Amino acid sequence: MKLRSAATALAIPVLAALALTGCSASTPGAGASSGGPIRVVASTNVYGDIASTIGGGAVTVTSILSDPNQDPHGFEADARTQLAISKAQIVVENGGGYDDYVDTMLASTSSKATVVNAVKLSGFPTGGDFNEHVFYDYPSMIKVANAVAADLAKIQPSKAATFFANAQTFKTALAKLQNETIALKAAHEGEKVAYTEPVPGYLFDAIGLVDETPAAFSKAVEEGSDVPPAALNDTLSLMKGRAVRLLAYNEQASSPETTQVEAAAKKAGVPVVPVTETLPQGDDYVSWQQANIDAVSSALSKR
């Protein structure tokens with residue numbers, strides 16, 4: 001899924017906003033601390049939470065996309081987004097085409113912000129049918145945590161020990177989640193599943209689940225285009241024939257076709273596991289992923 005960028009259309013309103021606030025589009029001294037909180041901007045509250053967890057009271061974090069009821073497909077950046085990015089000392093983005101507007105806005109300013117790109121850190125090859133939702137991949141998030149801690153320490157060396165300790169606590173929690181996926185893999189490896197979009201793909205891979213979703217269906221849903229009738233029929237057949245153990249349904253990106261598939265799954269008794277691309281209200285990254293694992297485990301336990 002690629003979030004739409006409105007950076008070009010924003011050029012005039014952004015300049016106007018900067019003029020009105022008296023702020024420069026650059027971030028002078030972004031590599032050094034003035035003694036105040038370190039300014040971090042994250043493309044979504046998933047990365048914002050990770051940065052906040054590691055930085056604690058030494059950071060102020062702005063998460064561009066944080067509304068759990070907002071369809072990420074329809075997100076459009078605005079002048080406020082541009083201004084926040086222009087003042088950031090550290091920017092945390094997903095990368096891989098997921099949040100290209102961040103790079104577009106960084107390029108339109110003289111920002112000196114350090115950029116943490118999760119996809120680049122993941123090491124996954126990005127060609128072909130690359131799944132950009134790396135925030136469901138715990139090893140990648142461990143790499144993000146390490147990078148954020150190191151970058152924060154460069155700006156405020158006196159608090160480096162705290163940053164690295166917080167990162168270690170976070171990584172310990174992720175190790176527990178990884179152990180749970182290993183246990184699920186031992187019990188369910190090879191079992192077939194489906195999803196409306198490959199949002200939880202890396203989690204499913206870690207559990208050893210096999211995706212049976214017709215590629216044309218999930219690709220069309222992800223790109224916001226019309227689902228080919230044949231792909232829709234094949235996906236519906238998976239539900240009606242109970243050929244899969246569960247359907248993962250992206251709650252933030254629905255369409256008539258996904259709603260139809262969800263209804264078919266429920267009618268056939270195929271468990272539906274809701275998934276999201278941003279943190280639900282009241283959750284942090286670890287509790288969110290724990291809930292996802294619990295939901296998948298519960299669905300797989302049903303016969």
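Residues numbered from 1 in each chain as written. Predicted model: local features only at pLDDT ≥ 70, side-chain atom pairs only at ≥ 80, totals over all residues. Heavy atoms only, no water.

Caption draft 1: Quick look at the sheet that holds strand β3 (residues 90–93). Strand order in the open sheet made by the four strands is β2-β1-β3-β4, with parallel pairing throughout. The strands lining the two open edges of the sheet, one partner per strand, are β2 (59–65) and β4 (114–117). Taking each pair of neighbouring strands and ignoring which way they run, the sheet shows an average axis angle of 20 degrees. Sheet analysis places β3 next to β4, joined by four bridges and oriented parallel. What sits directly across from Glu93, in β4, is Asn117. (Pairing = 2+ DSSP bridges. Helix = DSSP H or I, 4+ residues; strand = E, 2+ residues; numbered from the N terminus. Axes fitted to C-alpha atoms, helices over the stretch in contact; angles between N-to-C directions.)

Caption draft 2: Representation of the packing of helix α2 (residues 45–55) against helix α7 (residues 160–188) in the model. Contact geometry for α2 and α7: axes closest at 7 Å, N-to-C directions at 125 degrees. If you check the angle between α2 and α7, you find them oblique. Contacts from Ile50, Thr53, Ile54 and Gly55 in α2 reach Phe163, Asn166, Ala167 and Phe170 in α7. For the contact of α2 with α7, the class distribution of residues is five nonpolar, three polar and no charged. (Parallel < 35°, antiparallel > 145°, perpendicular 65-115°, else oblique. Contact = heavy atoms within 4.5 Å. Nonpolar A, V, L, I, M, F, W, Y, C, P; charged D, E, K, R; others polar.)

Caption draft 3: Representation of the packing of aromatic side chains within the structure. Taken as a whole, this structure holds nine aromatic pairs when the rule is applied. Aromatic ring contacts, followed pair by pair, group Tyr47, Tyr98, Phe135, Tyr136, Phe170, Tyr285 and Trp288 into a single cluster. (Phe/Tyr/Trp six-rings, centres within 6.5 Å; stacked < 30°, edge-to-face > 60°.)

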